[in-house]
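Inside the fold
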Amino acid sequence: MTIPPAEPGSGADLSLVGEWMASQRWFANKGARPMLEEIGRWELSAPAGARFVTHLLLDHTPGKPLLYQVPLSYRRDPLPGVEPIGRVGDDWVVDAPRDPGYVAALLRMLAAGAEVAGADTWARGGRNPAAVPFDADSPALTSRVLSGEQSNTSIVAEWTGTGAVPVICKIFRAIHHGDNPDVELQGALAAAGSPVVPRAVGHVVAEWSDRGRPSGRARGHLAFAQEFLPGAHDAWRVAIESAAAGEDFSARARALGVATAGVHATLSAALDSRPADQADIEDTLESMARRLETAIAEIPALAPHRSALEDVLRLARSTSWPALQRIHGDLHLGQVLDVPGRGWVMVDFEGEPLRPMVERNRLDNPLRDVAGMLRSFDYVAGSLAVTGGIDASEWARAARAAFAEGYGEASGDDLGERHALVDAFEADKALYEAVYEVRNRPEWLPIPVAGIERIAARVRN
Ligand SMILES: Nc1ncnc2c1ncn2[C@@H]1O[C@H](COP(=O)(O)OP(=O)(O)O)[C@@H](O)[C@H]1O
Ligand SMILES: O=P(O)(O)O[C@H]1O[C@H](CO)[C@@H](O[C@H]2O[C@H](CO)[C@@H](O)[C@H](O)[C@H]2O)[C@H](O)[C@H]1O
């Protein structure tokens, strides 16, 4: 099924959209006013009085150009209960994921594997043949956007009263050339029957013009849909409540270590894996050294730790390195769900959103994920200290030890023997977090900074 090309004259009002984008959580260049150029657009079929136009908007802010996917719904009448972005001519402009009509049109495209030709671009839906069935035309379909701090926009589609399995569709906001690891890795894990990820439903892929590429074209994923797990609790909240209540979290942390090792084993068997050679080791250490410099440039308070952190990297060089493979890439408690009757389930295999896509698609060191989760237990204690004056440091110590033990036993990889390498990945993650916090939640900056200080102090002694 092919949907006809977009009509001319459906370009975005860039000053209206720019002002709105600047206030969105997914807008990466915080504090800047976007300098937008529309480089592509297409339109999904819409009912009378509505138009659903997806704009690909390149933000030219110097030094940090980034391409965004901005689906907008243009409505002749206001949408009840939805705050509009503004008006263009006679139309109300709405963030399309909040418009149930757009959600139905998107799911229809995905289910049919339909291709939409647009201005200098095309987009195509893809459906996983083994996916849960859904009916995008059903009058029982309702949709909502998930709230919360997110790098992308996730829409939950439910078929009220029908017993149909609900679907969650993530609209990637910053888009890049190349396969999105969220689609590729969760797809591979789901296909291998892993109980640790939700079933994959489908995706949207698109091609657009890109002056920076030799072919002048780029192609990448724009959306990913999977089964929505109702009643799932965010592991971050579960851990915060446990720590605040002073409960013993060891068994749960251990199970998370076992689940992480299981994901690594499945990814290594289903996708590529190879031993790390000297060039890989030097590459990783160089990228860590670059991150150290970037973090110090943005957060000068870290400068006194430069030489200790360089020592951490030196010690990591002489440790034995595990085989490289595909990994989660940004594993923390906020990416884990506690699902009733099923246990820990992992989502968001997109890698660190601040890292270039080519790096996120490379084979990587599984200890990056281990370090991410260790940092996250530390964050639980850190956030309780920052927000509630609660000392949960002993909770974090025990959770970290139990997680490492579970991971070590299930993977057969003794983390104790690789502690210098784990330290290097933890320091690297904490530096990433420091940059992330200074840009997004400056009041939380002391949490990763304290982690960095602790690792630096360990090598000084
Ligand atoms: N399959 C799912 N079932 C239930 N909730 C989910 C599912 N996938 C994601 N979520 C919820 O949506 C949140 C955001 O999803 P995530 O993939 O982490 O998006 P982002 O890339 O924007 O951070 C998660 O923290 C989780 O609470
Ligand atoms: O939006 P994403 O889920 O892709 O991840 C980004 O945001 C996270 C914050 O929500 C950030 O994680 C940091 O804070 C968490 C608590 O909110 C903590 O559990 C993590 O350990 C800590 O790294 C993540 O780094 C960032 O990529």
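Because the structure is a prediction, the values reported are computed rather than measured.

1. Digging into the overall build of the protein
Counting its secondary structure elements, the protein contains 12 helices and 19 strands. Radius of gyration (C-alpha) of the protein: 23 Å, near the 23 Å computed for a compact globule of 461 residues. Dimensions along the principal axes, computed over C-alpha positions, put the protein at roughly 70 × 50 × 45 Å. Out of the 461 residues belonging to the protein, those deemed buried represent 42%. Across the protein, contacts joining residues at least 24 apart in sequence account for 69% of those joining residues at least 6 apart.

2. So, unusual backbone geometry
For Asp-120, which is not glycine, the phi torsion reads 55° and is therefore positive. Located in the positive-phi region is Asp-348, a residue other than glycine, with phi close to 60°. If you trace the backbone, Asp-348 turns up in the loop between strand E19 (343-346) and helix H8 (357-360). Residue class for Asp-348 comes out buried when judged on the 23 C-beta atoms lying within 10 Å of it.

3. Concerning the site of ligand 1
Residues in contact with ligand 1 amount to 20 residues; listed here are only the nearest, Gln-150, Asn-152, Pro-198, Leu-229 and Asp-348. Of all the secondary structure elements, the ones that give two or more residues to the shell around ligand 1 are strand E11 (167-171) and strand E14 (217-227). Taken together, the residues that form the shell around ligand 1 break down as eight nonpolar, seven polar and five charged. Counting the residues that make up the shell around ligand 1, at least three belong to each of domain 1 (2-228) and domain 2 (234-460).

4. A few points about the domain arrangement of the protein
Structurally, the protein comprises domain 1 (2-228) and domain 2 (234-460). At the junction of the two partners, domain 1 supplies 20 residues and domain 2 supplies 25 residues. Here the side of domain 1 that touches domain 2 gets six residues from one element, more than from any other, and that element is helix H3 (residues 181-191). Class assignment for the residues of the side of domain 1 that touches domain 2 results in 10 nonpolar, seven polar and three charged.

5. Digging into the environment of Arg-360
When you line up the elements, Arg-360 lands in helix H8. Sequence separation between Arg-360 and Arg-290 is 70 residues; the distance between their C-alpha atoms is 16 Å. Among all residues touching Arg-360, those that are not within four sequence positions of it are Pro-181, Gly-329, Gly-351 and Arg-355.

6. Quick look at the pairing of strand E8 (residues 121-127)
With four bridges connecting them, strand E7 (residues 115-118) and E8 associate as antiparallel partners. The residue bridging Glu-115 from the neighbouring strand is Arg-124, located in E8. The hairpin turn running from E7 into E8, its antiparallel successor, is two residues long, and Asp-120 in that turn takes a positive phi close to 55°. Judged from the seven bridges that link them, E8 and strand E13 (residues 200-209) form a sheet pairing that is antiparallel. When the bridges of E13 are listed, Trp-122 appears paired with Glu-207.

What counts, and at which threshold
Residues numbered from 1 in each chain as written. Chains lettered and ligands numbered in written order. Predicted model: local features only at pLDDT ≥ 70, side-chain atom pairs only at ≥ 80, totals over all residues. Helix = DSSP H or I, 4+ residues; strand = E, 2+ residues; numbered from the N terminus. Rg over C-alpha atoms; globule rule 2.2 N^0.38 Å. Buried ≥ 20, exposed ≤ 12 C-beta atoms within 10 Å, placed from the backbone. Contact = placed C-beta atoms within 7 Å. Near = placed C-beta within 6 Å. Nonpolar A, V, L, I, M, F, W, Y, C, P; charged D, E, K, R; others polar. Domains from an automatic or database assignment. Pairing = 2+ DSSP bridges.

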